[in-house]
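# A closer look at the structure
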Amino acid sequence: MKQLQEKLLALLLMALLSGTGAYAQEAPDKQETPDKVVVFRFLPGEEMFSLKGNEAELERLYMLVDKHRAEITAGRMPVYVDGYCASLPTAKENLNTAFARANRVKSELITQKRLKEADFITANYARAYHNNKDLVVVTLRSLFCRRLALLLCDPPGL
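Anyway, here's the lowdown on the structure attached to this text. (Residues numbered from 1 in each chain as written. Predicted model: local features only at pLDDT ≥ 70, side-chain atom pairs only at ≥ 80, totals over all residues. Heavy atoms only, no water.)

Turning our eyes to something else, we now look at the sheet that holds strand E1 (residues 37-41). Sheet architecture is open: 4 strands sit in the order E1-E4-E2-E3, paired in mixed fashion. In the strand order of this sheet, the two ends are held by E1 and strand E3 (120-125), each with one partner. If you compare each strand with its neighbour and ignore which way they point, the axes differ by 15 degrees on average. With 7 bridges joining them, strand E2 (residues 79-85) and strand E4 (residues 134-140) adopt antiparallel strand pairing. Opposite Val79, over in E4, you have Leu140 as the bridge partner. Of the strands in this sheet, E1 and E4 are in contact with helix H2 (residues 55-67), which crosses E1 at around 150 degrees. (Pairing = 2+ DSSP bridges. Helix = DSSP H or I, 4+ residues; strand = E, 2+ residues; numbered from the N terminus. Axes fitted to C-alpha atoms, helices over the stretch in contact; angles between N-to-C directions. Contact = heavy atoms within 4.5 Å.)

Printed below as a string of structure tokens:
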């Protein structure tokens, strides 16, 4: 039991030193939104991906994809695309709109950066994200960090 805890602690320490250190070096003033999170805003009720107002975030996402292309295409860093919509009258309409918006953003990455559908993990929500009702949030997160977090939250045999 103690040996397992020591191993988990060592893994956590390694993850913190490798993963969060990169965030601190890249953006020390961005604690809530790390550099690997990109947010696209949509007009209420609209499904179309508008470049107006999203140009800087799209360029930043392109740079992140270029920087992490090897990990993304090898399957070690999936591109999480989360659609959020809460501006329409029903949950069904909100989910359908969130779905369409997430697909628009993925299509942009597929056509412009040659990513494949298998490179994405997509989820859609009929709710707001931090009080913003019309967003698509794209996150690059390594599978190792995700698995480690799950292991620490629900360790086997403890």
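A word on the side chain of Arg60. Here Arg60 lies in helix H2. Overall, Arg60 belongs to the buried group, its relative accessible area being 16%. At a separation of 2.6 Å, a polar atom in the side chain of Arg60 contacts the main-chain carbonyl oxygen of Val37. A polar atom in the side chain of Arg60 sits 3.2 Å from the side chain of Glu57. (Buried < 20%, exposed > 50% of the residue type's maximum accessible area, 1.4 Å probe, protein only. Polar contact = N/O pair within 3.5 Å; in protein donor to acceptor, adjacent residues only side chain to side chain.)

From the geometry alone we can't say anything about function, so treat these as descriptive.
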